[in-house]
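Structure at a glance
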Amino acid sequence: MALRGSRPRGRRAAGGWAPCAALALGWALGWALGAEPPHRCRPDPALLPPPLRRLGGPALLRAAVPRLRGGWSPCQLYRYPPGSPRPNGTAPCTRGWHYALPAAGLRANLVTQWDLVCASRWKVPLEQTTHLLGWTLGSVTAGLACDRFGRRPTFLLSLALAVPVGLSVALAVDFLMVLVARLLFGAALAGAFLALYVARLELCDPPHRLGVTMVAGFFWMAGELLLPGLALLCRDWRVLQGAVTMILALLAASWWCPALLLEPPRWLLATRQLESARRSLQALAEDNCPQDSLVAELEALSEGPQRPRYHSVCEICGTRVIWKNGVILGFAAFIGSGIRHCFTRNLLPHLPHFFSSHLALLGTEAAACLFVCLTAERFGRRAILLLCTVLTGISSLLLLALTQYLLELIVLTLSVVGTAASHAVTVLSIFFASEVLPTVVRGAGLGLVLGANFVGKAAAPITAIPNSRGFFLHHVVFASFAILAVLSIMLLPESQGRALPQSLQDGESRRRPPLFRRAPREDHLPLLAPRALPHDYSQLAAPGRRTLRSPEPPREM
């Protein structure tokens, strides 16, 4: 699945990249659906004294709605005592709200459909958190399915499930139905994303794994970049949801063709499905994608029992190295995604509009992916992951302790660096985990790492709940975790340029290399080659005894 080659190889590469754009549309859809437009209360003449009820237009607005520094009050109306022309307080809105539309390119979204503002504003973070919970559950479930039924069937089944669930979101009649449907929609998208990620990785040779994965990341960002334009075309949240669902349906119909996405022969060999592995290897050979090592492994396995053998995620708990690597990388992914909100919160005041903030965050993601692509193949995964984690921790600690003393430009610079570095930590942790986890449990193990990543992402909508005072504690906890992650990353092995581990035994052999490599010293080298050393030392003992018993007399000069 390298970038160069014949037309079939390019077709398979596109088959692993193009779905990322469609899945990214489904991922970014929630931020457009929950965008809160500027709003104010509608005037209620019943709350006004009789002389003011005949007012209209701006005069009625001034008499009914309080004026604040930034505009009209979004949640309050004036309250008048009986018989008095002057207000003595405020009261909640009674006749709904007037919205300044469009919001994120839409003239109607979830907020305007069910008035999710003021006292009901907490429902928007609830919907976003529920959607992320769906991605978490979908990652774990799809990981188990990948290791039992295969990568390609899991991908196609997830896409097939996403279509009816996406239509149910578009046809929802109340907010509760939206919550349930969005949870299931996120689970289906997560299953497709995970299965595609694993299949694409296992079809690559070691020199191209990082490049192919990063190109897929750029396709993902292209899909997120298309969302504002699609929202401007659709104008309504139901139409937008339906359009994204139809794109997923087209994707599911097209990717049934094995020429676009092949079942990786690496997993088929690891589970001893030899006939299917032989057909898959033959298809790759016809596409000028030779897999010599896998062909040799297929010939070796053909001599033994040919009954398929599957592994469960519970077997990871019985290992030491695989368990340690998975926990460390899952923890790093959790930290990278969770601490990102601490940086983006400082950027949002400078980016008040949805489109500007959306483009700015995509720019930092693109810079992070480009940095990983240019450095991780040259200096190693562990070194770059350690560097990005250090940058994340330092930026977080400086902002936590010195925000009120630093210039605004320095705060903005640290926030941009922290946003890019935290995204690089997340991306590289997931990719690193896919390389060190063995093939037989790669789906389930990577599903747990992805699940930890989405749990960290849920910190953003949770801290956005109105009257939530946990942001400072959230920042302190994640900054401390980032320092702990720096220490734990040193215990990871290096996977650069190495073949993917197949069995649990292969995964257990991936141990940590020394932090500082030293050139071997001369006195550590053996004087004789190992083949020259006799295994039977009796041959040396007999001549030695003769030498000791009969010493030669000294020669006369």
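Since the structure is predicted, the reported quantities are computational estimates derived from the model, not experimental observations. (Residues numbered from 1 in each chain as written. Predicted model: local features only at pLDDT ≥ 70, side-chain atom pairs only at ≥ 80, totals over all residues. Heavy atoms only, no water.)

**Looking at the overall build of the protein**
Across its full length, the protein holds 21 helices and six strands. Within the protein, the fraction of its 557 residues that count as buried is 50%. As presented, the protein carries roughly 27,400 Å² of accessible surface, and 64% of it is formed by carbon and sulfur atoms. (Helix = DSSP H or I, 4+ residues; strand = E, 2+ residues; numbered from the N terminus. Buried < 20%, exposed > 50% of the residue type's maximum accessible area, 1.4 Å probe, protein only. Areas by Shrake-Rupley, 256 points an atom, 1.4 Å probe, with all protein chains shown as cover.)

**Points about the confidence of the model for the protein**
Any residue range with low pLDDT should be treated as having predicted coordinates unsuitable for detailed reading. Residues of the protein with pLDDT of at least 70 account for 85%, and the chain-wide mean is 83. In this model residues 518-551 is a low-confidence stretch, pLDDT under 50, and it forms two contacts with partners more than four residues away in sequence or in other chains. Every residue in residues 553-557 scores below 50 in pLDDT, and together they form zero contacts with partners more than four places removed in sequence or on other chains. (pLDDT = per-residue confidence, 0-100. Contact = heavy atoms within 4.5 Å.)

**Focus: the state of the cysteines**
Under the counting rule described, the total for this entry stands at two disulfides. Residue Cys-41 pairs covalently with Cys-93 via a disulfide, S to S 1.5 Å. Linking Cys-41 in strand β1 (residues 39-41) with Cys-93 in the loop between β5 (89-92) and β6 (97-99), this pair joins segments that are 52 residues apart in sequence. Exposure remark for Cys-41: the relative accessible area of 0% places this residue in the buried category. Overall, the relative accessible area of 16% leaves Cys-93 in the buried class. In this model Cys-75 forms its disulfide with Cys-118; the gap between the sulfur atoms is 2.0 Å. The sign of the -95 degrees torsion about the S-S bond sets the Cys-75-Cys-118 disulfide as left-handed. With Cys-75 in the loop between β3 (71-72) and β4 (76-79) and Cys-118 in the loop between α3 (110-114) and α4 (123-149), this residue pair connects regions lying 43 residues apart in the sequence. Since its relative accessible area comes to 24%, Cys-75 is described here as partly exposed. (Disulfide = S-S within 2.5 Å.)

**A word on the packing of aromatic side chains**
Counting across every chain of the model gives 13 aromatic pairs. Summarising the aromatic geometry, the rings of Tyr-78 and Tyr-80 are spaced 6.4 Å apart at their centres and angled 75 degrees between planes, so their arrangement reads as edge-to-face. Looking at Tyr-78, the relative accessible area reads 23%, which means it is partly exposed. When the ring of Phe-331 is compared with that of Phe-481, the centres are 5.6 Å apart and the planes differ by 65 degrees; the resulting orientation is edge-to-face. Residue Phe-331 is located in helix α12 (residues 321-338), and its partner Phe-481 is located in helix α19 (residues 471-489); the two are separated by 150 residues in the primary sequence. A relative accessible area of 29% means that Phe-481 is categorised as partly exposed. Across the ring face of Trp-72, the terminal group of Arg-67 is positioned such that the distance to the ring centre comes to 4.6 Å. It is Arg-148 that lies over the ring of Tyr-310; its NZ or CZ is 4.1 Å from the centre. (Phe/Tyr/Trp six-rings, centres within 6.5 Å; stacked < 30°, edge-to-face > 60°. Lys NZ or Arg CZ within 6 Å of the ring centre and 35° of its normal.)

**Comments concerning the nonpolar core**
Core analysis: the largest hydrophobic core is formed by 119 residues, its most contacted members being Phe-155 and Leu-240. Within the second largest apolar cluster, nine residues are counted, among which are Cys-342, Leu-399, Leu-414 and Phe-478. (Core = buried A, V, L, I, M, F, W, Y, C linked by side-chain atoms within 4.5 Å.)

**Some thoughts on the pattern of salt bridges**
Under the counting rule described, the total for this entry stands at ten salt bridges. Linking Arg-182 and Glu-127 is a salt bridge whose minimum nitrogen-to-oxygen distance equals 2.7 Å. Of this pair, Arg-182 sits in helix α6 (residues 175-202) while Glu-127 sits in helix α4, and the two are 55 residues apart along the sequence. Taking relative accessible area as the criterion, Arg-182 reaches 1% and is therefore assigned buried. A salt bridge links Arg-151 to Glu-202, with the nearest nitrogen and oxygen atoms 2.8 Å apart. Taken together, the residues Arg-151 in helix α5 (residues 151-170) and Glu-202 in helix α6 connect sequence positions 51 residues apart. (Salt bridge = Lys/Arg side-chain N within 4 Å of Asp/Glu carboxyl O.)

**Observations regarding unusual backbone geometry**
Here Asp-115, not a glycine, exhibits a phi torsion of approximately 50 degrees, which is positive. Here Asp-115 is to be found in the loop between α3 and α4. Note on Asp-115: relative accessible area 27%, which makes it partly exposed. Positive phi outside glycine occurs at Cys-118, with the angle close to 55 degrees.

**Regarding the packing of α12 against α19**
The contact between α12 and α19 brings their axes to 9 Å, and the two run at 145 degrees. In this structure, α12 meets α19 at a crossing whose hand is left-handed. Of α19, the residues touching α12 (which contributes Ile-328, Phe-331, Phe-334, Ile-335 and Gly-338) are His-474, Phe-478, Phe-481, Ala-482, Leu-484, Ala-485, Ser-488 and Ile-489. Considering only residue class, the contact of α12 with α19 consists of ten nonpolar, three polar and no charged. (Axes fitted to C-alpha atoms, helices over the stretch in contact; angles between N-to-C directions. Left-handed = near helix turned anticlockwise from the far one by under 90°. Nonpolar A, V, L, I, M, F, W, Y, C, P; charged D, E, K, R; others polar.)

**Topic: a nonpolar patch on the surface**
Together, Trp-122, Leu-126, Ile-462 and Ile-465 make up an exposed nonpolar region whose accessible area comes to about 330 Å². Here Ile-465 lies in the loop between α18 (459-463) and α19. (Patch = residues over 30% accessible without salt bridge, like charges linked within 9 Å, V, L, I, M, F, W, Y side chains within 5 Å.)

**Side note on the side chain of Ser-422**
When you line up the elements, Ser-422 lands in helix α16 (residues 408-436). A relative accessible area of 0% means that Ser-422 is categorised as buried. At 2.9 Å, the side chain of Ser-422 forms a polar contact with the backbone oxygen of Thr-419. Residues in contact with Ser-422, not counting those within four places in the same chain, are Gly-336, Ile-339, Arg-340, Phe-343 and Thr-392. (Polar contact = N/O pair within 3.5 Å; in protein donor to acceptor, adjacent residues only side chain to side chain.)

**Quick look at the environment of Pro-50**
By the element assignment, Pro-50 lies in the loop between β1 and α2 (57-64). For Pro-50, a relative accessible area of 56% gives the class exposed. The sequence separation of Pro-50 and Pro-85 amounts to 35 residues, and the corresponding C-alpha distance is 9.0 Å.

**So, the environment of Arg-442**
Structurally, Arg-442 is set in helix α17 (residues 442-457). Remark: the alpha-carbon pair of Arg-442 and Gln-502, spanning 60 residues in sequence, is separated by 9.2 Å. Residues within four places of Arg-442 in sequence aside, it is in contact with Asp-147, Arg-151, Val-198, Leu-201, Glu-202, Arg-266, Ser-434, Leu-437, Leu-500 and Pro-501. Within the structure, Arg-442 has its side chain in polar contact with the backbone oxygen of Leu-437 (distance 2.8 Å).

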